[in-house]
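So you can see what is in the structure, the chains are spelled out below.
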Amino acid sequence: MKEINGEAVTPVFNSGIWVKTAPGGTMLLDEAAGKKYFLNLTGSYILSKCNGEHTVAEIQKDVYEQFSPLSLEDATADVSYILQRLFECNILLTSKSVNQKTTESA
């Protein structure tokens, strides 16, 4: 299991995943794996922050600030859980792995 807490991890959305905004959240389709996923509004918000510009710690803090009265501990745990699942499903990559793929294909 990938450790995703910390300043150094910067999640990036996997561009191979199809995205469709839906009522109440976001639908995701990984055609290569033949899997579909649905994120609620909170999960969709977290995913929107996964653009290679925000660390996990920054996303956790942002969710805490946006979704009060959620405690910082709950926000941290919730974001960590959601990001962990998105990494496991290959919906997210780290900015480091995206940069490696770009370098390898050049």
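Before going into details, it helps to say that this report is about the structure given with it. Just so we're clear, the structure is a prediction, and the values are computed from it rather than from any experiment.

Structural notes on helix α3 (residues 72-88)
1) Next: With 17 residues, α3 extends 24 Å from end C-alpha to end C-alpha; this agrees with the ideal 24 Å at 1.5 Å per step.
2) Next: Regarding α3, the residues found buried are Ala75, Val79, Ser80, Ile82, Leu83, Gln84, Leu86 and Phe87.
3) Next: Positive phi appears at Asn90, one or two residues downstream of α3, with a value of about 65°.

What to know about the nonpolar core
1) Next: Counting residues in each nonpolar core, the largest one holds 19 residues, and the members touching the most others are Ile46, Leu47, Leu83, Leu86, Ile91 and Leu92.
2) Next: Broken down by secondary-structure element, the contributors of at least two residues to this core are α1 (41-48), α2 (56-66) and α3.
3) Next: Of the residues forming this core, the biggest block, 6 residues, is contributed by α3.
4) Next: Setting aside anything within four residues of it in sequence, one finds Leu86 in contact with Leu39, Leu47, Ile91 and Leu92.

Digging into the packing of aromatic side chains
1) Next: Under the counting rule described, the total for this entry stands at 1 aromatic pair.
2) Next: Plain terms: the ring middles of Tyr45 and Phe67 are 5.4 Å apart, the flat faces sit at 80° to each other, and that makes the pair edge-to-face. Residue Tyr45 is located in helix α1, and its partner Phe67 is located in the loop between α2 and α3; the two are separated by 22 residues in the primary sequence.
3) Next: What makes Phe67 partly exposed here is its relative accessible area of 28%.

A few points about the pairing of strand β3 (residues 25-30)
1) Next: With 5 of 6 residues buried, β3 lies mostly within the body of the structure.
2) Next: The pairing of strand β2 (residues 18-22) with β3 spans 5 bridges and is classified as antiparallel. Bridge pairing in β3 links Trp18 to Leu29.
3) Next: The hairpin turn running from β2 into β3, its antiparallel successor, is 2 residues long, and Gly24 in that turn takes a positive phi close to 85°.
4) Next: Taken together, the 6 bridges between β3 and strand β4 (residues 35-40) define a ladder with antiparallel strand orientation. Bridge pairing in β4 links Leu29 to Lys36.
5) Next: The turn linking β3 back onto β4 is made up of 4 residues, and Gly34 within it adopts a positive phi angle of 70°.

Cut-offs and rules
Residues numbered from 1 in each chain as written. Predicted model: local features only at pLDDT ≥ 70, side-chain atom pairs only at ≥ 80, totals over all residues. Heavy atoms only, no water. Helix = DSSP H or I, 4+ residues; strand = E, 2+ residues; numbered from the N terminus. Expected span 1.5 Å × (residues − 1). Buried < 20%, exposed > 50% of the residue type's maximum accessible area, 1.4 Å probe, protein only. Core = buried A, V, L, I, M, F, W, Y, C linked by side-chain atoms within 4.5 Å. Contact = heavy atoms within 4.5 Å. Phe/Tyr/Trp six-rings, centres within 6.5 Å; stacked < 30°, edge-to-face > 60°. Pairing = 2+ DSSP bridges.

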